[in-house]
Amino acid sequence: KMKRTVKVAATQFICEQFPSDHPSSEIYESVITGNIAKAEGIVRKSAELGCNIILLQELFETPYFCQEEDPKYFQYATSLEDNRAVKRFQIVAKELNIVLPICFFERKNQAFYNTVAVIDATGEILGVYRKSHIPDGPGYEEKFYFNPGDTGFEVWDTKFGKIGIAICWDQWFPESARCLALKGAEIIFYPTAIGSGDSSSAFLIFRT
């Protein structure tokens, strides 16, 4: 096979926060706008450095709301077609000739998912992956918000190689990477909202 060089960026940033009380729709939109702008700045800087595939963090449009159980956050879920970040980064991916896996809070029919849309360098959405393994523990109350994914593990043939996607907690389960490797993934991406902490103790909390 012909040798290829692919440069990848894995990024995280501190999201703009909601106020402590219930945010108004105007404040919510402002937070979303600010976080998408921050993410785009990181993507553009990474592209300037020659990166071909750029990974943004899990659920970056808002602060990581799964630290608590509160029904108000369900109103922030969107369809794939209506998601602001996905639509914006389709334009950016095409402009910069890059591949972007974009994570968002998805509403699909009567279900809610932690989802990644895979955007190719043409701006086309190649497909979505919905998080399979959903944690439920202190600081990670995801089972309150998300249904287990229904897509299975898929590999997408992007301009810069065959990539597999799983999300955060999926990485603790070896079948995630095994399935993607067997399907031909050359690179596997795991967007995550975890910043720092004792991952070994988190493993014990969630697996017991």
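Refer to the structure printed above.
What you see is a predicted model, and the numbers here were worked out from it, not measured in a lab.

Asks: I keep staring at the overall build of the chain and nothing clicks. Help me out?
Replies: Summing up its helical and strand segments, the chain has four helices and eight strands in all. The secondary structure elements of the chain, listed N-terminal to C-terminal, are β-α-β-α-β-β-β-β-β-α-β-α. Taken over the C-alpha trace, the chain has a radius of gyration of 17 Å; the compact-globule value for 208 residues is 17 Å, and the two agree within 12%. Viewed in the frame of its principal axes, the chain has a C-alpha envelope of about 55 × 40 × 35 Å. A buried classification covers 49% of the 208 residues belonging to the chain. Of the roughly 10,300 Å² of accessible surface on the chain, 53% is carried by carbon and sulfur atoms. Counting 22 positive and 27 negative side-chain charges, the chain places the averaged centre of each group 9 Å from the other.

Asks: I would appreciate a short explanation of the packing of aromatic side chains in the present structure.
Replies: Scanning all chains against the criterion turns up 21 aromatic pairs. Centre to centre, the rings of Phe105 and Phe146 are 5.3 Å apart; their planes meet at 90 degrees, and the pair counts as edge-to-face. On the criterion of sequence distance, the pair formed by Phe105 in strand 3 (residues 100–108) and Phe146 in the loop between strand 5 (125–130) and strand 6 (155–158) is long-range, its members being 41 residues apart. The class for Phe146 is buried, based on a relative accessible area of 4%. Here the guanidinium or amino end of Arg130 rests over the ring plane of Tyr113, the centre of that ring lying 4.7 Å away.

Asks: Explain the pattern of salt bridges to me, please; I cannot follow it from the model alone.
Replies: A pair can form between side chains of opposite charge whenever their charged atoms are brought close. All chains considered together, the criterion is met by eleven salt bridges. A salt bridge links Glu142 to Lys131, with the nearest nitrogen and oxygen atoms 2.8 Å apart. Taken as a pair, Glu142 in the loop between strand 5 and strand 6 and Lys131 in the loop between strand 5 and strand 6 lie far apart in primary sequence, eleven residues in all. By the burial criterion, Glu142 is buried, and Lys131 matches it. Residues joined by salt bridges that share partners form a network here, namely Glu40, Arg44, Arg88 and Glu95.

Asks: Looking at this structure, how should I read the environment of Ser176?
Replies: Topologically, Ser176 is positioned in helix 3 (residues 174–182). A relative accessible area of 0% means that Ser176 is categorised as buried. Sequence separation between Ser176 and Ala166 is ten residues, and the spatial gap between their C-alpha atoms is 6.9 Å. Non-local contacts of Ser176, meaning those with residues more than four positions away in its chain, are made with His133, Phe153, Ala166, Asp170 and Tyr190.

Asks: Is there a simple way to think about the sheet that holds strand 4 (residues 111–119) in this case?
Replies: Taken in spatial order, the three strands line up as 3-4-5 in an open sheet, and their pairing is antiparallel. The open sheet has two edge strands, strand 3 and strand 5, and neither has a second partner. Strand after strand, the sheet turns through a mean of 30 degrees between neighbouring axes, direction not considered. Examined bridge by bridge, strand 3 and strand 4 share nine bridges and lie antiparallel to one another.

Thresholds, definitions, all that
- Residues numbered from 1 in each chain as written.
- Predicted model: local features only at pLDDT ≥ 70, side-chain atom pairs only at ≥ 80, totals over all residues.
- Heavy atoms only, no water.
- Helix = DSSP H or I, 4+ residues; strand = E, 2+ residues; numbered from the N terminus.
- Rg over C-alpha atoms; globule rule 2.2 N^0.38 Å.
- Buried < 20%, exposed > 50% of the residue type's maximum accessible area, 1.4 Å probe, protein only.
- Areas by Shrake-Rupley, 256 points an atom, 1.4 Å probe, with all protein chains shown as cover.
- Lys, Arg positive; Asp, Glu negative; His and termini not counted.
- Charge placed at Lys NZ, Arg CZ, Asp CG, Glu CD.
- Phe/Tyr/Trp six-rings, centres within 6.5 Å; stacked < 30°, edge-to-face > 60°.
- Lys NZ or Arg CZ within 6 Å of the ring centre and 35° of its normal.
- Salt bridge = Lys/Arg side-chain N within 4 Å of Asp/Glu carboxyl O.
- Contact = heavy atoms within 4.5 Å.
- Pairing = 2+ DSSP bridges.
- Axes fitted to C-alpha atoms, helices over the stretch in contact; angles between N-to-C directions.

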